[in-house]
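Listed below, chain by chain, are the residues.
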Amino acid sequence: MTSEPGLGPVARAAARGELPDWARASEKRRAHIGRVAALLGEWARGLGLSAAEQERWLAAGWLHDVLREAPPEELRPLVPEAFRALPPKLLHGPAAAERLAGEADAELLEAIRYHTLGSARFGTLGRALYLADFLEPGRRYEPEWTASLRARMPHDLDAVMRDVVRARVRHVEESGSVLHPETRALYEQVQGA
């Protein structure tokens, strides 16, 4: 087995709940971030992950929305060309991943980059972040249903992922929006699981 990837100083501090000085997150957003991180920490412990892996999961939780409240005109130039056409509210994940380059391994950065869209390339950390962001208890969307999904985590991750992806795709389609290709690929992947 290979050694676990390390974290840089910014990501290591984030795992302790200390956001970088360049964070753009209100107190309300920081509360959401903390709830996501708490879920990820709980799930990482529940899976029996090593201390280093638990730290990575906490860092992902604390950093996923670190730029959520930055103006889109500041974020768009930071993201790779493939992300520049995203709606403004989806730019923060790719921008944060770019800003955090060198602070974490590729899997953690991909989890942050795609936490709003989803990705068929997600590893376990990416899938867990995608779910925690949707299921954290401060969300108002169908609280009884989301609580029942949280109760099934982390040991029923694949089935919970399937339920959440289906719900999110249904919501996008019912709103008349176009499904992003990354989201479509994830949906097709979980449908086949």
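Calculation notes
- Numbering of residues starts from 1 in every chain and runs along the sequence as written.
- Confidence filtering applies because this is a predicted model: local features only for residues at pLDDT of at least 70, side-chain atom pairs given and counted only at 80 or more, and all residues used for totals across whole chains, interfaces and linings.
- Heavy atoms from the whole structure form the basis of all side-chain values; hydrogens and water molecules are not counted.
- Think of it this way: any DSSP run of H or I at least four residues long counts as a helix, any run of E at least two long counts as a strand, and we number them from the N terminus.
- To get the radius of gyration, use the C-alpha atoms; to get the globule rule, take the number of residues to the power 0.38 and multiply by 2.2 Å.
- Any residue under 20% of the maximum accessible area for its type is buried, any over 50% is exposed, and the rest in between are partly exposed; the area is computed with a 1.4 Å probe on protein chains only.
- Any two residues whose heavy atoms approach within 4.5 Å are treated as being in contact.
- Values of accessible area rely on a 1.4 Å probe in the Shrake-Rupley scheme; residue burial ignores everything except the protein chains shown.
- A residue counts as positive if it is Lys or Arg and as negative if it is Asp or Glu; His and the chain ends are not included.
- Just so you know, the charge point we use is NZ for Lys, CZ for Arg, CG for Asp and CD for Glu.
- By nonpolar core we mean a set of buried residues, namely Ala, Val, Leu, Ile, Met, Phe, Trp, Tyr and Cys, connected to one another through side-chain atoms within 4.5 Å.
- Throughout this description, a polar contact denotes any pair of N or O atoms lying within 3.5 Å of each other; where both atoms belong to protein, one of them has to be capable of donating a hydrogen while the other can accept it, and for residues adjacent in sequence the pair is counted only when both atoms sit in side chains.
- By convention, a stacked pair of Phe, Tyr or Trp rings (six-membered ring in the case of Trp) has centres within 6.5 Å and planes under 30 degrees apart, an edge-to-face pair has planes over 60 apart, and any other such pair is tilted.
- With a 1 Å grid laid over protein atoms only, a set of points is called a cavity when a 1.4 Å probe fits there but cannot get out and a pocket when it is open yet has protein on both sides within 12 Å along at least five of seven lines; lining residues have an atom within 4 Å of a point.
- Grid points are joined across faces, edges and corners, and a volume is the space filled by probe spheres set on the points.
- Polarity classes work like this: nonpolar for Ala, Val, Leu, Ile, Met, Phe, Trp, Tyr, Cys and Pro, charged for Asp, Glu, Lys and Arg, and polar for all others, with Gly in that last group.
- Any carboxyl oxygen of Asp or Glu that lies within 4 Å of a side-chain nitrogen of Lys or Arg is treated as forming a salt bridge with it.
- Between the N-to-C directions of two axes lies an angle of 0 to 180 degrees, each axis being a line fitted to C-alpha atoms and, for a helix, fitted only over the stretch in contact.
- Note on terminology: angles under 35 degrees are roughly parallel, angles over 145 are roughly antiparallel, angles of 65 to 115 are roughly perpendicular, and the others are oblique.
- Take the far helix as the reference: if the near one is turned anticlockwise from it by less than a right angle, the crossing is left-handed, and if turned clockwise, right-handed.

1. Some details on the overall build of the protein
Next up, step 1: Looking only at helices and strands, the protein has 10 helices and zero strands in total.
Next up, step 2: A compact globule built from 193 residues should have a C-alpha radius of gyration of about 16 Å, and the protein, at 16 Å, falls within 12% of that.
Next up, step 3: By its C-alpha atoms, the protein is 40 × 40 × 35 Å across when sized along the principal axes.
Next up, step 4: Here the protein holds 193 residues, and 49% of them are scored as buried.
Next up, step 5: Sequence-distant contacts, at least 24 apart, represent 62% of the contacts inside the protein between residues at least 6 apart.
Next up, step 6: Per element, the accessible surface of the protein, about 9400 Å² overall, is 52% carbon and sulfur.
Next up, step 7: When the 26 basic and 28 acidic side-chain charges of the protein are each reduced to a single mean position, those positions are 3 Å apart.

2. Topic: the nonpolar core
Next up, step 1: Judged by nonpolar contacts, the single largest core of 59 residues is most densely connected at W43 and L131.
Next up, step 2: Where this core is concerned, the elements lending two or more residues are α1 (9-15), α2 (27-46), α3 (51-63), α5 (92-99), α6 (106-113), α7 (124-135), α9 (157-174) and α10 (181-192).
Next up, step 3: Ignoring any residue separated from it by four or fewer positions in sequence, one finds L131 in contact with W43, M153, L157, V160, M161 and V164.

3. A few points about α6
Next up, step 1: For α6, the complete set of buried residues consists of L108, L109, A111, I112 and R113.
Next up, step 2: N-capping of α6 is provided by D105, with a side-chain oxygen placed 3.1 Å from the backbone N of E107.

4. So, unusual backbone geometry
Next up, step 1: The omega torsion of the bond from M153 to P154 falls at 5°, within 30 degrees of zero and hence cis.
Next up, step 2: Its place among the elements puts P154 in the loop between α8 (143-151) and α9.
Next up, step 3: Positive phi, normally seen in glycine, also occurs at E142, with a value near 35°.
Next up, step 4: Note that E142 resides in the loop between α7 and α8.

5. Section: the packing of aromatic side chains
Next up, step 1: A complete count under the given rule lists five aromatic pairs for this structure.
Next up, step 2: Seen from their ring centres, F122 and Y130 are 6.1 Å apart, and the 55° between their planes marks the pair as tilted.
Next up, step 3: On the accessibility criterion, F122 (11% relative accessible area) is buried.
Next up, step 4: For Y130, a relative accessible area of 1% puts it in the buried group.
Next up, step 5: Considering the side-chain rings of Y141 and W145, the 6.2 Å spacing of their centres and the 80° angle between planes classify their relative orientation as edge-to-face.

6. Quick word on the layout of surface pockets
Rolled over the atoms, a probe sized like a water molecule indicates the empty space that remains.
Next up, step 1: Estimated volume of the largest pocket: approximately 1200 Å³.
Next up, step 2: Lining the largest pocket are 34 residues; nearest its centre among them are K89, L90, R139, R168 and H171.
Next up, step 3: Residue assignment for the lining of the largest pocket shows that the elements contributing at least two residues are α2, α7, α9 and α10.
Next up, step 4: Sorting elements by how many residues they give to the lining of the largest pocket places α9 first, with five residues.
Next up, step 5: Taken together, the residues of the lining of the largest pocket sort by class into 13 nonpolar, 10 polar and 11 charged.

7. Quick look at the pattern of salt bridges
Next up, step 1: Under the counting rule described, the total for this entry stands at 19 salt bridges.
Next up, step 2: Taking the shortest distance from any N to any O, the salt bridge between D65 and R29 comes out at 2.9 Å. A residue pair is termed long-range when its members are at least 10 positions apart, and D65 in the loop between α3 and α4 (72-75) and R29 in helix α2 qualify at 36 residues.
Next up, step 3: Relative accessible area serves as the criterion here: at 17%, R29 is assigned to the buried category.

8. Digging into the side chain of E136
Next up, step 1: Structurally, the position occupied by E136 is in the loop between α7 and α8.
Next up, step 2: A polar contact is formed between the side chain of E136 and the side chain of H32, at a distance of 2.6 Å.
Next up, step 3: The residues touching E136, leaving out its near neighbours within four places in the chain, are H32, R35, V36, L39 and R150.

9. Quick notes on the packing of α2 against α3
Next up, step 1: At their nearest, the axes of α2 and α3 sit 7 Å apart, and the two run at 160° to each other. Relative to α3, the element α2 lies roughly antiparallel. Regarding α2 and α3, the two cross each other, and that crossing is right-handed. Contacts between α2 and α3 pair R30, I33, G34, V36, A37, L40, G41, W43, A44 and R45 from the former with Q54, W57, L58, A60, G61 and W62 from the latter.
Next up, step 2: For the contact of α2 with α3, the per-class residue count stands at 10 nonpolar, four polar and two charged.

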